[in-house]
Amino acid sequence: MAKKGILLVNLGSPRSTKVADVKEYLDEFLMDEKVIDFRWFFRALLVRGIILNTRPKKSAAAYETVWTDEGSPLIFITERIKKKLQKIVDVPVEIGMRYAEPSIETGMRKLTEQGVTEIVLFPLYPQYAMSTTETVIEKADEVRKKHFPDIKVNYIQPFYNREIYIDCLAESIREKLPENFDALQFSYHGVPERHIYKTDPTNTCNLNDCCSRDENPSHQFCYRHQCFKVTEKVIAKLGLPKEKVMVTFQSRLGSDKWMEPYTDETLEGLGKKGIKNLAIVCPAFVSDCLETLEEISVEGKEQFEHGGGENFHYIPCLNDEDRWIEVVKTLCEEKLHEFYLV
Ligand SMILES: C=CC1=C(C)c2cc3[nH]c(cc4nc(cc5[nH]c(cc1n2)c(C)c5CCC(=O)O)C(CCC(=O)O)=C4C)c(C)c3C=C
Ligand SMILES: [Fe+2]
Ligand SMILES: [Fe+2]
């Protein structure tokens, strides 16, 4: 009789805030062809010849500001999600990171050591992107074929449009919204525009109005559409007027054209537009991490205040909130049942 298990997969963090460890992590991350999508030679030239000469020091200093006694927030929050989920499901649960440790291989090994032969793998990203969902699935397939050829893996799809997730996110935001705010900003992690074109098998997305349409063949693989959809559904639940809401994209890297508008430039300009009280949320991330705790809560606040803003209110990610753990459980159980159906 097959034994089932759950593997929760998140992005991963360096093992410590030492510059050498951050460099090793960034090397693995940025040398991933699904992240920097150039041929190996040009990727290595850019990453190892340019980025890794300066970025590790800067990133290590940033990690230093968010690191705690428990380590990287991204890792210990994923660990907490695992522990809470384990209490309410009756199959083993492990975590694995796309980059660094504990790796996907480590997570799969821990599951197989408990006798698991069928894994439900959950990439913890609400929206599909080549640099997140797709690279996780590719890596997990590679690991499975190489080390665990006899196990089956079933993947949970991006859940950006699932009502249970939207309800959960909307409720979480509602509870944390300040009494008075002039605008609510949805800041999603950006991707280069090229990635969206590249992963559109239908060639019907031109990164224009089509991403906001209710129906378009490209939506299943369009990160931009999926960010807009989450925003649209959440503000409908919250009963907020569109005029009070903004969507922006953060964390760009390099000189390519990334999706616009950019979060940092927007934040600098809000004060002059009369937005003095801002609430901001980052729904591309289910757990708080460097990109929310440092880039938004600290740097973003400074950018907003520099531009004349007064009250900046960061709304934390879902992290290990009980209502979110229930959503994780439901999505996992749906996939666990698919195993019974085949
Ligand atoms: C949530 C989805 C994410 C997408 C899409 C994404 C794309 C993407 N990221 C980079 C470059 C960097 N991202 C970094 C950190 C980081 N990115 C995500 C998530 C997405 N990235 C998370 C959760 C984190 C935080 C990790 C942590 O340890 O807390 C970093 C490292 C930090 C830094 O130096 O700024 C880089 C670099 C690219 C190039 C990209 C798409 C092409
Ligand atoms: Fe689109
Ligand atoms: Fe990133």
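Each value, and the rule that gives it
- Here the residue numbering is sequential within each chain, running from 1 through the sequence in written order.
- Key to labels: chains lettered from A, ligands numbered from 1, both in the order written.
- Only residues with pLDDT of 70 or above have their local features reported here, since the model is predicted, and side-chain atom pairs are shown and tallied only from 80 upward, although totals for entire chains, interfaces and linings are computed over all residues.
- To get the side-chain values, all heavy atoms of the structure are used, and hydrogens and water are removed first.
- UniProt positions are given in the numbering used here, feature names are shortened, and annotations may be inferred rather than shown by experiment.
- Starting at the N terminus, helices and strands are each numbered in turn, a helix being any DSSP run of H or I of at least four residues and a strand any DSSP run of E of at least two.
- The atom set for the radius of gyration is the C-alpha atoms, and the globule formula is 2.2 Å times the number of residues raised to the power 0.38.
- Two residues form a contact once any of their heavy atoms are found within 4.5 Å.
- Note on areas: Shrake-Rupley, 1.4 Å probe, and residue coverage restricted to the protein chains presented here.
- In this tally, Asp and Glu contribute negative charge and Lys and Arg positive charge; neither His nor the terminal groups of the chain are included.
- By convention, the charge on Lys lies at NZ, on Arg at CZ, on Asp at CG and on Glu at CD.
- Residues belong to one nonpolar core when they are buried, are Ala, Val, Leu, Ile, Met, Phe, Trp, Tyr or Cys, and are joined through side-chain atoms within 4.5 Å.
- Here's how the labels work: a residue is buried when its accessible area is under 20% of the maximum for its type, exposed when over 50%, partly exposed in between, all with a 1.4 Å probe on protein chains only.
- Criterion used throughout: strands pair if DSSP finds at least two bridges between them.
- Note on method: axes are straight lines fitted to C-alpha atoms, helices fitted across the in-contact stretch only, with angles between N-to-C directions ranging 0 to 180 degrees.
- We call two N or O atoms a polar contact when they sit within 3.5 Å, provided that within protein one can donate a hydrogen and the other can accept it, with sequence-adjacent residues counted only if both atoms are side-chain atoms.
- Note on definitions: the grid is 1 Å and covers protein atoms alone; a cavity is a set of points where a 1.4 Å probe fits but cannot get out; a pocket is an open set with protein on both sides within 12 Å along at least five of seven lines; lining residues have an atom within 4 Å of a point.
- Grid points are joined across faces, edges and corners, and a volume is the space filled by probe spheres set on the points.
- We call Asp, Glu, Lys and Arg charged. Ala, Val, Leu, Ile, Met, Phe, Trp, Tyr, Cys and Pro are nonpolar, and the rest, Gly among them, are polar.
- In this description, a donor is an N, O or S atom within 2.8 Å of the metal centre, a cutoff extended to 3.2 Å for sodium, potassium and calcium. Water is not part of the atom list, which can make sites seem incomplete.
- Take the number of residues in a helix, subtract one, and multiply by 1.5 Å to get its expected span.
- For a residue, the bend is simply the angle between two axes, fitted respectively to the seven-residue segment ending there and the seven-residue segment starting there.
- In this text, near means that some heavy atom of the residue lies within 4 Å of the molecule or strand in question.

The name that an unreviewed UniProt entry assigns to the protein chain is Ferrochelatase, with the source organism given as Kaistella gelatinilytica. In its Sequence similarities (unreviewed entry) section, UniProt records this for the protein chain: "Belongs to the ferrochelatase family."

Student: Explain the overall build of the protein chain residue by residue, including any values.
Tutor: The helix and strand inventory of the protein chain stands at 12 helices and 8 strands. A compact globule built from 342 residues would reach a C-alpha radius of gyration of about 20 Å, and the protein chain, at 20 Å, matches this within 12%. In the protein chain, the proportion of contacts linking residues at least 24 apart, taken out of those at least 6 apart, comes to 75%. For the protein chain, the exposed area adds up to about 15,800 Å²; of that, 51% sits on carbon and sulfur atoms. Here the protein chain holds 46 positive side-chain charges and 55 negative ones, and the gap between their average locations is 3 Å.

Student: A description of the nonpolar core should follow, citing residues and the corresponding values.
Tutor: In this structure, Leu-8, Ile-173, Leu-184, Phe-186, Tyr-223 and Trp-324 are the most contacted members of the largest nonpolar core, which totals 79 residues. The biggest single contributor to this core is helix H12 (residues 322-341), with 8 residues. Not counting the four nearest positions on each side in its chain, Phe-186 is found in contact with Ile-173, Thr-231, Val-234, Ile-235, Val-245, Met-246, Val-247, Thr-248, Val-281 and Pro-283. Counting 35 residues, the second-largest nonpolar core is a separate cluster that includes Leu-7, Met-108, Tyr-125 and Ile-151.

Student: Which residues make up the sheet that holds strand E6 (residues 245-250), and what values go with them?
Tutor: Taken together, 4 strands build an open sheet; the order of strands is E6-E5-E7-E8 and the sheet is parallel. Strands at the two margins of the open sheet, each flanked by one partner only, are E6 and strand E8 (311-315). When the angles between neighbouring strand axes are averaged without regard to direction, this sheet yields 25°. Relative to E6, strand E5 (residues 183-189) runs parallel, the two being bridged by 6 bridges. Directly across from Ser-187, in E6, lies its bridge partner Thr-248. Lying over the sheet, helix H6 (residues 163-176) contacts E5, strand E7 (277-281) and E8, oriented at roughly 145° with respect to E8. Packed on one face of the sheet, helix H11 (residues 295-306) meets E5, E6, E7 and E8 and runs near 160° to E8.

Student: Go over the environment of His-225 with me, naming the residues and quoting the values.
Tutor: By secondary structure assignment, the location of His-225 is in helix H8 (residues 223-238). A relative accessible area of 3% places His-225 in the buried class. Taking the C-alpha atoms as reference points, His-225 and Tyr-188, separated by 37 residues in sequence, lie 12 Å from one another. Excluding its chain neighbours within four sequence positions, the residues that come into contact with His-225 are Tyr-160, Cys-211, Arg-213 and His-219. Within the local environment of His-225, its side chain forms a polar contact with the backbone oxygen of Cys-211, the two atoms lying 2.8 Å apart.

Student: Would you mind going over the layout of surface pockets in detail, with residue names and values included?
Tutor: Of the volumes computed, that of the second largest pocket is approximately 440 Å³. For the second largest pocket, the lining is made up of 25 residues, of which Glu-28, Met-97, Ala-100, Glu-101 and Ser-103 are closest to its centre. With 5 residues, helix H5 (residues 130-147) is the largest single contributor of residues to the lining of the second largest pocket. When the residues that make up the lining of the second largest pocket are grouped by side-chain class, the tally is 9 nonpolar, 5 polar and 11 charged.

Student: Could you give me a rundown of the coordination of the iron ion (ligand 2), with the residues and numbers involved?
Tutor: Listed as protein donors to the iron ion (ligand 2) are Cys-205 (SG), Cys-211 (SG) and Cys-222 (SG); their distances from the metal cover 2.4 Å. The sequence pattern formed by the donor residues of the iron ion (ligand 2) is C-x5-C-x10-C. Note that Cys-205 is positioned in the loop between helix H7 (193-198) and H8 and Cys-222 in the loop between H7 and H8, a separation of 17 residues in sequence. Exposure remark for Cys-205: the relative accessible area of 7% places this residue in the buried category.

Student: Residues and numbers for helix H2 (residues 40-66), please.
Tutor: Because each turn of an α-helix spans 3.6 residues, side chains separated by three or four positions in sequence point in the same direction. Taking 1.5 Å of rise per residue, the 27 residues of H2 would be expected to cover 39 Å, yet its terminal C-alpha atoms sit only 32 Å apart, more than 12% below that figure. The largest bend along H2 reaches roughly 60° and is located at Ile-51. Within H2, burial applies to Arg-43, Ala-44, Val-47, Ile-51, Leu-52, Pro-56, Ser-59, Ala-60, Ala-62, Tyr-63 and Val-66. Contact partners of the buried residues in H2: helix H1 (19-30), helix H3 (73-88) and helix H10 (290-293).

Student: I'd like a description of the site of ligand 1, backed by residues and values.
Tutor: In the vicinity of ligand 1 there are 25 residues, among which Ser-13, Arg-55, Ser-59, Tyr-63 and His-189 approach most closely. Between ligand 1 and Tyr-63 there is a distance of 2.6 Å, counted from an oxygen atom to a side-chain nitrogen or oxygen. Interatomic distance of 2.9 Å between a side-chain N/O atom of His-189 and a nitrogen atom of ligand 1. Its free accessible area being 790 Å², ligand 1 has 97% of it covered by the protein chains. Listing elements by their share of the shell around ligand 1, those giving two or more residues are H1, H2, H5 and H10. Residues that form the shell around ligand 1 fall into these classes: 15 nonpolar, 8 polar and 2 charged.

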